[in-house]
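Fold and contact review
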Amino acid sequence: MKVAIMGFGTIGSGVYKVLTTNEDVIAKRVGEKLEVAYVLDRRQFPGEPWEQLVVDDYNIIANDPSVDIVVETMGGVEPAYTFVKAMLEHGKHVTTSNKALVADKGADLIKTARDNNVNFLFEASVGGGIPIIRPILECLTGDVIEEISGIVNGTTNYIMTKMTEDGSEFEDVLKEAQELGYAEKDPTADIEGHDAQRKIAILTSLICGQQVEYTDIPTEGISNISSNDIKYAKAIGRNIKLLATSTATGDTYVARVAPYLLAPEHPLFAVNDVFNAIFVHGNMLGDGMFYGSGAGSLPTASAVVGDIVEMARHKDENIFLEWKPEKKVLADASVVESAFFARTKSSKSDVEGAFGKVEFVEGIVDGEVGFVTDVMTEADYESKAAALDIVKMIRVR
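Attention here is on the structure that accompanies the text. None of the values given here were measured: they were computed from a predicted structure.

1. Section: the packing of helix H8 (residues 154-166) against helix H12 (residues 227-235)
Interaxial distance between H8 and H12 falls to 9 Å at its minimum, and their mutual angle equals 70°. As summarised for this structure, H8 and H12 are arranged roughly perpendicular, according to the angle between their axes. Across the interface between the two elements, Met160, Met163 and Thr164 from H8 touch Ser227, Ile230 and Lys234 from H12. Across the contact of H8 with H12, the residue classes tally to 3 nonpolar, 2 polar and 1 charged.

Here it is as structure tokens:
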């Protein structure tokens, strides 16, 4: 069975390595050998083992009837969407690690795959090497998923971990993360939460079976988190983590990406460094958590190859995925209840006048006081906080 890889960067080359290194064991699991027939890339790779496989025109792959499975690891929406749609329309199965493509065009590509009796799978688009999509769709198919909360970006989790352990400022840790290869030269998608925003949109779309627009999900990153915020967090025995959350409310979901203060008993409290974890609550399962390497060449490639094997086993049939193109309207995030931590330059009496009884945190920064509120809605918090000189607010879970 022949496989083509479109995009031979970090993940695409990792897929090639997994397929060649574990060739024999994969063949046993599929029932036949998988052979990489093409690599689509603009570069030539002289002297490399895959040099003779390189092509620069996706139509060569699309028009070769011997190619059964295509891997897309190019990134971005275009030209990936055009290339993937063409492959599906030519009767080829496609797997991708591209969360931008899946979040934006997932419903359309799933329909295209169904119309052509092939499959479009994307396990690696959310948790990297962590299996989460297939467990939700297959293992938990009898459950109503009532909540998904996750640390789904290794870059931001590494930064928050180092800030917590070393007391460093955000900019210093970001620079270190870039030097180590954990953060991109332009880290905006990671540190401003856009990467996590797309991932929670994908998961919410799958559990509700309709298109969730990632742009509808209120999103905050970690670029405004400071070493003083970390000091306050330590003073109340909590860690700050960037979470992507989606919670059932009525007949829809409410979703958000933002930093949260987590207590030690929270299952995501101790998820550190570049590791990811996704917490799931089902009405039958109760609580479950998936933990592991959420990024990197080989962990992500491992999830891609898992899709390849799944598609090879279902070569002549479409695996049904419910993701309708009709837009799912999300609930207003301001209705969600939580406690809130805030830093203010207002007096303690003014804080108590606005919020009533709170837990104060003092002695961290001169000229200000921190406090933790009781549980209330976001709208209630905003209304009460309007009377105070607030420096920073972080939600508490």
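2. With respect to empty space enclosed by the protein
Under the definition given, this model contains 1 cavity of 30 Å³ or more. Quantified by volume, the largest cavity comes out at close to 50 Å³. What lines the largest cavity is simply Ile110, Ala113, Arg114, Asn119, Phe120, Asn318, Ile319, Phe320 and Leu321.

3. Remarks on the environment of Ala303
Structurally, Ala303 is set in helix H13 (residues 297-313). Residue Ala303 is classed as buried on the basis of its relative accessible area of 8%. Measuring from C-alpha to C-alpha, the distance between Ala303 and Glu123 comes to 6.1 Å, with 180 residues separating the pair along the chain. Not counting residues within four places of it along the chain, the set of residues in contact with Ala303 comprises Glu123, Ala124, Gly128 and Gly129.

4. Comments concerning the pattern of salt bridges
Scanning the entire structure with this criterion turns up 20 salt bridges. Note that Lys111 and Asp115 form a salt bridge whose closest N and O atoms lie 2.9 Å from each other. Of this pair, Lys111 and Asp115 both sit in helix H5 (residues 99-115), 4 residues apart, which is roughly one turn of that helix. Under the relative-accessibility criterion, Lys111 is labelled partly exposed at 46%. Its salt-bridge partner being Asp195, residue Lys199 comes within 2.9 Å of it at the nearest N-O pair. Residue Lys199 and its partner Asp195 are located together in helix H11 (residues 194-208), separated by 4 residues, close to a single helical turn. Each member of the pair Lys199 and Asp195 is classed as buried. Among the charged side chains, a salt-bridge network with shared partners connects Glu220, Arg256, Glu378 and Arg395.

5. Examining the pairing of strand S9 (residues 239-249)
Within S9, 8 of the 11 residues are buried, which leaves it mostly tucked inside the rest of the structure. Across 4 bridges, strand S7 (residues 145-151) lies against S9 in antiparallel orientation. Within the sheet, the bridge partner assigned to Gly150 lies in S9 and is Ala244. For S9 and strand S10 (residues 252-262), the ladder comprises 11 bridges, and the chain directions are antiparallel. Its bridge partner lying in S10, Ala244 is registered against Val257. The turn linking S9 back onto S10 is made up of 2 residues, and Gly250 within it adopts a positive phi angle of 65°.

6. Quick look at the packing of aromatic side chains
Counted under the stated rule, the structure contains 14 aromatic pairs. Each ring, one from Phe45 and one from Trp50, has its centre 6.0 Å from the other, and the planes form 70°; the classification is edge-to-face. Both residues of the pair, Phe45 and Trp50, count as buried. Centroid distance Phe275 to Tyr291: 5.3 Å. Interplanar angle 10°. Geometry classified as stacked. Here Tyr291 lies in strand S12 (residues 286-293) and Phe275 lies in strand S11 (residues 275-282), a separation of 16 residues in the sequence. Judged by relative accessible area, which is 29%, Phe275 ranks as partly exposed.

7. Overview of the side chain of Ser227
As for its placement among the helices and strands, Ser227 is situated in helix H12. For Ser227, a relative accessible area of 9% translates into the label buried. In this structure Ser227 touches Met163, Gly167, Ser168 and Glu169, once residues within four positions along its chain are discounted.

8. A short note on the sheet that holds strand S2 (residues 35-40)
By way of backbone hydrogen bonds, the strands of a sheet pair with one another, either parallel or antiparallel. Taking strand neighbours across the sheet as the criterion, the 6 strands line up as S3-S2-S1-S4-S5-S6 in an open arrangement whose pairing is parallel. Each having just a single partner strand, strand S3 (54-55) and strand S6 (120-121) make up the two edges of the open sheet. Bridge count between strand S1 (residues 2-6) and S2: 5 bridges; the pairing is parallel. Residue pairing in the sheet places Val3 in a bridge with Val36 of S2. Together, S1, strand S4 (67-72), strand S5 (93-96) and S6 form the strand contacts of H13, whose direction differs from that of S5 by roughly 160°.

9. Side note on the layout of surface pockets
Each pocket or cavity is described by its volume, and for the largest pocket that value is around 1,100 Å³. Along the walls of the largest pocket sit 38 residues, with Ile11, Lys99, Glu184, Asp195 and Ala295 positioned nearest its centre. Residue assignment for the lining of the largest pocket shows that the elements contributing at least two residues are helix H1 (10-21), H5, helix H6 (124-127), H8, helix H10 (188-191), H11, S11 and H13. By residue class, the composition of the lining of the largest pocket is 11 nonpolar, 20 polar and 7 charged. Of the volumes computed, that of the second largest pocket is approximately 470 Å³. Along its surface, the second largest pocket is lined by 28 residues, and Ile136, Leu137, Thr141, Leu206 and Ile207 are the ones closest to its centre. Where the lining of the second largest pocket is concerned, the elements lending two or more residues are helix H7 (133-139), H11, S10 and H13. When its residues are assigned to classes, the lining of the second largest pocket shows 16 nonpolar, 4 polar and 8 charged.

Rules of the game
- Residues numbered from 1 in each chain as written.
- Predicted model: local features only at pLDDT ≥ 70, side-chain atom pairs only at ≥ 80, totals over all residues.
- Heavy atoms only, no water.
- Axes fitted to C-alpha atoms, helices over the stretch in contact; angles between N-to-C directions.
- Helix = DSSP H or I, 4+ residues; strand = E, 2+ residues; numbered from the N terminus.
- Parallel < 35°, antiparallel > 145°, perpendicular 65-115°, else oblique.
- Contact = heavy atoms within 4.5 Å.
- Nonpolar A, V, L, I, M, F, W, Y, C, P; charged D, E, K, R; others polar.
- 1 Å grid on protein atoms, 1.4 Å probe; cavity = no way out; pocket = protein on both sides within 12 Å on 5 of 7 lines; lining within 4 Å.
- Points joined across faces, edges and corners; volume = space filled by probe spheres on them.
- Buried < 20%, exposed > 50% of the residue type's maximum accessible area, 1.4 Å probe, protein only.
- Salt bridge = Lys/Arg side-chain N within 4 Å of Asp/Glu carboxyl O.
- Pairing = 2+ DSSP bridges.
- Phe/Tyr/Trp six-rings, centres within 6.5 Å; stacked < 30°, edge-to-face > 60°.

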